[in-house]
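Now for the letters of each chain:
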Amino acid sequence: MKLFITKVVLALIHFRQWLIAQAMFGFLNFLKLFPADGAINFADWLTRKLGPRVKRHRLMLTNLRNAFPEKSEAEIQEIALASWGNMGRLAAEYVFLDRLFDFDYLSKEPGRVEVSGIPIFIDLLENPRPFIVFTAHTGNFELLPVAGAAFGLHVSVLFRPPNNPYVAKRVFDFRSARMGKLVPSHAGSSFALARQLEAGQGVGVLVDQKFRKGLKTKFFGLDAKTNPLLGKLVRQFNCEVYPARCIRLPGNRYRLEIEPKLAMPRDSNGNLDMVATAQLLNDKVESWVREYPEQWLWYHDRWKIKHDVFK
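Residues numbered from 1 in each chain as written. Predicted model: local features only at pLDDT ≥ 70, side-chain atom pairs only at ≥ 80, totals over all residues. Heavy atoms only, no water.

(A) How the structure looks around the overall build of the chain. Helices and strands together make up the secondary structure of the chain, namely twelve helices and nine strands. Classification of the 311 residues of the chain by burial places 47% in the buried group. Sequence-distant contacts, at least 24 apart, represent 74% of the contacts inside the chain between residues at least 6 apart. By element, 58% of the accessible surface of the chain is carried by carbon and sulfur atoms, the whole surface being about 16400 Å². (Helix = DSSP H or I, 4+ residues; strand = E, 2+ residues; numbered from the N terminus. Buried < 20%, exposed > 50% of the residue type's maximum accessible area, 1.4 Å probe, protein only. Contact = heavy atoms within 4.5 Å. Areas by Shrake-Rupley, 256 points an atom, 1.4 Å probe, with all protein chains shown as cover.)

Structure below.
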């Protein structure tokens, strides 16, 4: 009897996940019926309306108040609404990702996408070596590996699959067709990335995610655990590390930036300082977020306070 009940419960869970996935796919397919700009603007408008009605809005506001104690409540509310709009845009842009990236190095006419740091792209392409590019959940971060592939610079991208298996498969298929090799985040992902670096290739990682067993660091002056993976890979392969980000511009345009390589912190013996490295990543991401706070995903529980907010 217990086995039967377990099977029924699992079947209901899978059915619920399937329904959610179909609703999401249906919405995205609906957006395909419209021009890109109209669909993206509509998604922005819709999520600004719906976002404040969901439970995560409380977490978003708490995160913003803690990160920006100097800002007024009106400013906090404005950033929160814009952050929901950013998430809506990100969802809609999935549908048009192929059309959005129109950068042409030889064109004299400005397109939807502009790229800063082209000499770095070219250097990495013409002088192959192991390297790491890191970014954060800012702007449309999905455009960065698309840009790399457009330059012929294919990197192995570490990503966390959605919890919904039906959504995860669709996202994986979509990304892998446009972004090169994908490495799902799991227990063996570090070995997969290490193999790529060992082969003299590049990898891409997001560094602003919550990590339960990470290194003790600060982010916006608050305690936060940071994944030590990037530091471990640098320590093992002594590879170069480049920051990169996407910035949303007015008129549904984007600027992709890859910055000069970072000088990695070392201790007195010349060994990589793991904690200082993790803090260096946080400081870089924080500088990006402070510049465009509405373009970061504030609904993430980066500081592990969700339990306190929702109790």
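So much for the structure itself; the text now carries on.
(B) Just the nonpolar core, in detail. Counting 47 residues, the largest nonpolar core has Ile132, Phe134, Leu230 and Trp298 as its most contacted members. Breaking this core down by element, the ones donating at least two residues are helix H3 (56-67), helix H4 (73-95), strand S2 (131-135), helix H9 (189-198), strand S5 (202-206), helix H10 (229-237) and helix H11 (274-291). With six residues, the top contributor of residues to this core is H4. Apart from the residues within four sequence positions on either side, phenylalanine 134 is in contact with Val205, Val207, Leu230, Val241, Tyr242, Pro243, Ala244, Leu262, Leu281, Lys284 and Trp288. (Core = buried A, V, L, I, M, F, W, Y, C linked by side-chain atoms within 4.5 Å.)

(C) Representation of the side chain of aspartate 301 in the model. Considering the arrangement of structural elements, one finds aspartate 301 in the loop between H11 and helix H12 (306-310). A relative accessible area of 8% places aspartate 301 in the buried class. Apart from residues lying up to four places away in sequence, aspartate 301 is in contact with Arg56, Leu59, Lys210 and Lys306.

(D) Local environment of the packing of aromatic side chains. Under the criterion given, the structure shown has 13 aromatic pairs. With a centroid separation of 5.5 Å and 25 degrees between ring planes, the pair formed by phenylalanine 219 and tryptophan 303 is classed as stacked. Of the two residues, phenylalanine 219 is situated in strand S6 (residues 215-219) and tryptophan 303 in the loop between H11 and H12; the sequence distance between them amounts to 84 residues. Of the two residues examined, phenylalanine 219 and tryptophan 303, each falls in the buried class. Ring geometry for tryptophan 296 and tryptophan 298: centres 4.8 Å apart, planes at 85 degrees, overall edge-to-face. Just as tryptophan 296 is buried, tryptophan 298 falls in that class too. Between lysine 71 and the ring centre of phenylalanine 68, over which it is positioned, the NZ or CZ distance is 5.1 Å. The side chain of arginine 302 reaches across the aromatic face of phenylalanine 219, ending 5.4 Å from its centre. (Phe/Tyr/Trp six-rings, centres within 6.5 Å; stacked < 30°, edge-to-face > 60°. Lys NZ or Arg CZ within 6 Å of the ring centre and 35° of its normal.)

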